[in-house]
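Take a look at the letters that make up each chain.
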Amino acid sequence: ERVRHNRSSPSFSKMPPAQASTAPYFNAHSYFLSRFAFLGTHAVFALWLVFLFNDPLNFAAHVPFHLPTLDVPASELQPAATCTPLNIDNLLNNLLYFGLWWGTHSGLARTATKKALGLLEHPVERPLFAAIATITWFIQVFTWKPISNCTRWDVLSTPASVWAVSGTVMLFGTILIVGLLWTLPDHVFGTGKYRYRQGEFPEHKVIKGTFPYGLVRHPAAAGFLWFYWTLPSYTPNHVLLAVLWTLFIVLGTLAFEETGISDQHTEFGREYVKYRKQVWAFFPTPQSVLTVLGLRKYSDADGKAQ
């Protein structure tokens, strides 16, 4: 979710001046939720990689719990004459848990939801969102059931020439995803929100001109899209998950998020529209690459780079 222009919280604005203390503030819930989300996201990302690559190093043999994989294990692969091309029960299971991930992620990102829950500009707003997103992503991966046992992608049998191309794109996707988590932890997880009372957050601006938002408007979303569609698998299980994530990303970012933050009546909205003219949503342009490398200047005046 993009950083939005700060607005005064209704509950805070009604407080008497004497209550707006300048003493140091610490919100323990915000602090610990944001740290849980930061560490948890990295752990789930590692699990997701093992899952996506079908556990090529056989970690499942060394852990005391079920380790999910995108396709069925090699021992469960069936010949074409007797395999199940589409297991409806497994399909419905996957749709259910992906819907849980999608629904909570998109629902809690809406301003109306935050207002209804009293979380708008609250110190736990972003940390709670990030923590729930981490948990539901883990559930979505951990409960996955392959919809077909007819084919299975084997990482180790993929030709080196294919890996040279796919691997390069996926590496850049990983850099975008992890780079966002490391360079902007407060933006993603709210790691610094514990220091501010509700309604006291410092004003934010559109993040542009530097990595990763100077490269693409939605770095994590772009990284996942690159990953899913360059993965050299294309089994029915892979295609299903790639399509679900693509719908989630495109609808969630372009149809909902950007529509809400491009309000021309706000300073942030006007600034974001200028930013959107220069930087693409999911793919870098030569101009955005030059901007991130410091070889091209971003202009706030009219949305055209110098």
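1. Points about the packing of aromatic side chains
- This model, assessed by the stated rule, comprises 31 aromatic pairs.
- The side chain of R35 reaches across the aromatic face of Y31, ending 4.1 Å from its centre.

2. Examining the confidence of the model for the chain
- Per-residue pLDDT for the chain has a mean of 88; in total, 88% of the residues score no lower than 70.
- Highest mean pLDDT in the chain belongs to helix α2 (residues 28–52) (98); lowest belongs to helix α1 (residues 10–13) (41).
- Contacts for the low-pLDDT stretch residues 1–18, under 50 throughout, to residues beyond four places or in other chains number 46 contacts.

3. Brief notes about helix α5 (residues 125–142)
- The terminal C-alpha atoms of α5, which comprises 18 residues, lie 26 Å apart, in line with the 26 Å expected from a rise of 1.5 Å per residue.
- Burial in α5 covers these residues: E125, R126, P127, F129, A130, A131, A133, T134, T136, W137, Q140 and V141.
- On its buried face, α5 sits against α2, α3 (88–109), α4 (111–117), α7 (185–189), α8 (219–230) and α9 (236–261).

4. Section: a nonpolar patch on the surface
- A cluster of nonpolar side chains, namely W229, Y234, V239, V243, L247, L251 and F256, defines an oily patch on the protein surface of about 590 Å² accessible area.
- The dominant element in the nonpolar patch, judged by the number of residues it contributes, is α9, at five residues.
- Tracing the backbone through its elements, the reader meets V239 in helix α9.
- Given the relative accessible area of 31%, V239 is considered partly exposed.

5. Quick look at the state of the cysteines
- Under the criterion given, the structure shown has one disulfide.
- The disulfide that involves C83 links it to C150, with 2.0 Å between the sulfurs. Measuring handedness by torsion sign, the sulfur bridge of C83 and C150 sits at about 90° and is right-handed. Taken as a pair, C83 in the loop between α2 and α3 and C150 in the loop between α5 and α6 (160–183) lie far apart in primary sequence, 67 residues in all.
- Take C83: its relative accessible area is 14%, and that puts it in the buried class.
- Among the residues examined, C150 registers a relative accessible area of 23% and is labelled partly exposed.

6. Details of the side chain of T285
- One can find T285 in the loop between α10 (267–278) and α11 (286–292).
- Take T285: its relative accessible area is 7%, and that puts it in the buried class.
- Not counting the four nearest positions on each side in its chain, T285 is found in contact with Q278 and W280.

7. Observations regarding the environment of T113
- Inspection of the secondary structure assignment puts T113 in helix α4.
- The residues contacting T113, other than those within four sequence positions of it, are G107 and L108.

Thresholds applied
- Residues numbered from 1 in each chain as written.
- Predicted model: local features only at pLDDT ≥ 70, side-chain atom pairs only at ≥ 80, totals over all residues.
- Heavy atoms only, no water.
- Phe/Tyr/Trp six-rings, centres within 6.5 Å; stacked < 30°, edge-to-face > 60°.
- Lys NZ or Arg CZ within 6 Å of the ring centre and 35° of its normal.
- pLDDT = per-residue confidence, 0-100.
- Helix = DSSP H or I, 4+ residues; strand = E, 2+ residues; numbered from the N terminus.
- Contact = heavy atoms within 4.5 Å.
- Expected span 1.5 Å × (residues − 1).
- Buried < 20%, exposed > 50% of the residue type's maximum accessible area, 1.4 Å probe, protein only.
- Patch = residues over 30% accessible without salt bridge, like charges linked within 9 Å, V, L, I, M, F, W, Y side chains within 5 Å.
- Areas by Shrake-Rupley, 256 points an atom, 1.4 Å probe, with all protein chains shown as cover.
- Salt bridge = Lys/Arg side-chain N within 4 Å of Asp/Glu carboxyl O.
- Disulfide = S-S within 2.5 Å.

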